[in-house]
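# Working through the structure, step by step
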Amino acid sequence: MESKTILDYETVALNDEKDAIIIIDQTKLPYDLEMLTLKRQKEIWTAIYLLQVRGAPAIGVTAGFGLYLAAKEIETEDSEEFLKQLLKAKEYLATARPTAVNLFWALDRVFKAANDNKDKKTKEIVEAIYKEAVKIRDEDIWVCKQIGEFGLSLVKPGDGLLTHCNAGQLATVKYGTATAPMYLGHERGYNFHIFADETRPLLQGARLTAYELQEAGMDVTLICDNMSGMVMKNGWVNAVFVGCDRVAANGDTANKIGTSVVATIAKRYNVPFYVCAPTSTIDLATKSGSDIEIEERPSEEVTEMWYKERMAPSGVKVFNPAFDVTDNDLITGIITEYGIARAPYTESLKEIMEKK
Ligand code: MRU
């Protein structure tokens, strides 16, 4: 019997009793596979904040289940009071991280399911919340597979592909977004050569992407973030696929810090740069990249995390933005579950959202 790999575990799930969220603790990978059980709202908030669960779609799924658990704890039979308390829980979870729009999108969707059923008994409202949260989880698999199919149509067998951060299965429910063409291509014998940027400072590329693609049996080579220019100049990369945390109406895209550097280099060497974005990540209410709030994280992530000893002088100033914005003119296409948006993005993204 073949042994289980990381890909056989669900990134985020509800337990059988439906009273806890079970996640893979992504801060412990690749060497320790630890599952975390989250029951209290504070535990869910902390797991998102600490990146124990991370990646825009996975954060959305966790938030959806989180709001369901909050709803179950509300004791009143009065639906107006119920919604008031639910709103409080929603607002709390929304403060866990600011950039990935999926967090707010999932919370809004689940809250709307409650509000649409406000004339029913609170027990029935809770059931409607549960159904919506499960729907968000289930849809994610279809969404990623579609992105994979569209992405695969842009490359050919034997191609070299580069990705940044982890927009893989660990960031979603299955397939990932940027890795979806890789997984589907792998199933179909495409033999891609994949470069994974290590992704300073939290090393999602080294710890998560390199790990999950290797576990899946793909040919993956880990590089430091400052090596992507060389591998592109050498002609080893035919396309870049990255995920994203928010796409603005004009196609500017926030993704893990360093993505805009990769996009700039890709343009220099004529390598197509594709952003893989479920429509849940497209935020037409945000006009451009400058309107996207960029999360800043603790300086220790840069100066000491992952090192045996602190490696920077104590007291040194640190700037640690978790994301950057890639300007739309650097993006060859935005791959969604409904097709590929191309410039001018203001029109093409609107068309994609209308198909939804
Ligand atoms: O800080 P993280 O690890 O949550 O950042 C994740 C990314 O930047 C991903 O590329 C993005 O969320 C897309 S995941 C499909």
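This text goes with the structure placed above it.
Okay, so let's go over this structure. (Residues numbered from 1 in each chain as written. Predicted model: local features only at pLDDT ≥ 70, side-chain atom pairs only at ≥ 80, totals over all residues. Heavy atoms only, no water.)

### Some thoughts on the overall build of the protein
Assigned secondary structure in the protein consists of 11 helices and 14 strands. Over its C-alpha atoms the protein spans a radius of gyration of 20 Å, differing by no more than 12% from the 21 Å that the globule rule assigns to 356 residues. The C-alpha extent of the protein, read off along each of the three principal axes, is 65 × 50 × 50 Å. The buried share of the protein, taken over its 356 residues, is 58%. Contacts in the protein between residues at least 24 apart in sequence constitute 75% of all its contacts with a sequence separation of at least 6. Accessible surface, the protein as shown: approximately 16000 Å² in total, 50% of it carbon and sulfur. (Helix = DSSP H or I, 4+ residues; strand = E, 2+ residues; numbered from the N terminus. Rg over C-alpha atoms; globule rule 2.2 N^0.38 Å. Buried < 20%, exposed > 50% of the residue type's maximum accessible area, 1.4 Å probe, protein only. Contact = heavy atoms within 4.5 Å. Areas by Shrake-Rupley, 256 points an atom, 1.4 Å probe, with all protein chains shown as cover.)

### With respect to the side chain of Glu132
With respect to the secondary-structure elements, Glu132 resides in helix α5 (residues 122-152). Accessibility expressed as a relative area gives 15% for Glu132, which makes it buried. Once residues within four sequence positions are removed from consideration, Glu132 is found in contact with Arg109, Val110 and Ala113.

### Some points on the site of the ligand
Neighbouring the ligand are 18 residues, the closest being Arg54, Ala56, Arg97, Asn255 and Lys256. Contacts to the ligand include Asp245, whose side-chain N or O atom sits 3.0 Å from an oxygen atom. The contact in question runs from an oxygen atom of the ligand to an N or O atom on the side chain of Asn255, over 2.6 Å. Compared with its free state, where it exposes 410 Å², the ligand has 100% of that area covered by protein. Elements represented by at least two residues in the shell around the ligand include exactly α2 (56-73) and β9 (253-256). Grouping the amino acids of the shell around the ligand by side-chain chemistry returns eight nonpolar, six polar and four charged. (Near = heavy atom within 4 Å. Polar contact = N/O pair within 3.5 Å; in protein donor to acceptor, adjacent residues only side chain to side chain. Nonpolar A, V, L, I, M, F, W, Y, C, P; charged D, E, K, R; others polar.)

### Here's the deal with helix α9 (residues 259-268)
Those residues of α9 that fall on the buried side of the exposure criterion are Thr259, Ser260, Val262, Ala263, Ile265 and Ala266. Looking one or two places after α9, you find Asn270, whose phi comes out positive at around 55°.

### A word on the pairing of strand β6 (residues 219-223)
Along any regular strand the residues' side chains alternate between the sheet's two faces. Pairing between strand β5 (residues 193-197) and β6: five bridges, direction parallel. Considered in β6, the bridge of Ala196 is made with Leu222. Read as a crossover between parallel neighbours, the route from β5 over helix α7 (residues 204-215) to β6 is right-handed. (Pairing = 2+ DSSP bridges. Right-handed = clockwise from strand over helix to strand, strands pointing away.)

### Some thoughts on the sheet that holds strand β3 (residues 35-38)
By way of backbone hydrogen bonds, the strands of a sheet pair with one another, either parallel or antiparallel. The three strands are arranged β1-β2-β3 in an open sheet whose pairing can be described as antiparallel. At either end of the open sheet lies a strand with only one pairing partner, and these are β1 (12-14) and β3. In this sheet, neighbouring strand axes are inclined to one another by 25° on average, regardless of whether the strands run parallel or antiparallel. Sheet analysis places strand β2 (residues 21-24) next to β3, joined by four bridges and oriented antiparallel. Pairing of Ile21 across the sheet is with Leu38, part of β3. Along the sheet, helix α1 (residues 41-49) contacts β2 and β3; its crossing angle with β3, the most-contacted strand, is approximately 140°. (Axes fitted to C-alpha atoms, helices over the stretch in contact; angles between N-to-C directions.)

### A short note on the pairing of β9
Strand direction decides the pairing type here: strand β8 (residues 246-248) and β9, joined by two bridges, are antiparallel. Residue pairing in the sheet places Val247 in a bridge with Thr253 of β9. The hairpin formed by β8 and β9 contains four residues between the paired strands, and Gly251 there has a positive phi angle of roughly 90°. Two strands pair when backbone bridges link them, and β9 and strand β12 (residues 323-326) are joined in this way by four bridges, in the antiparallel orientation. By the bridge assignment, Lys256 is partnered in β12 with Phe323.

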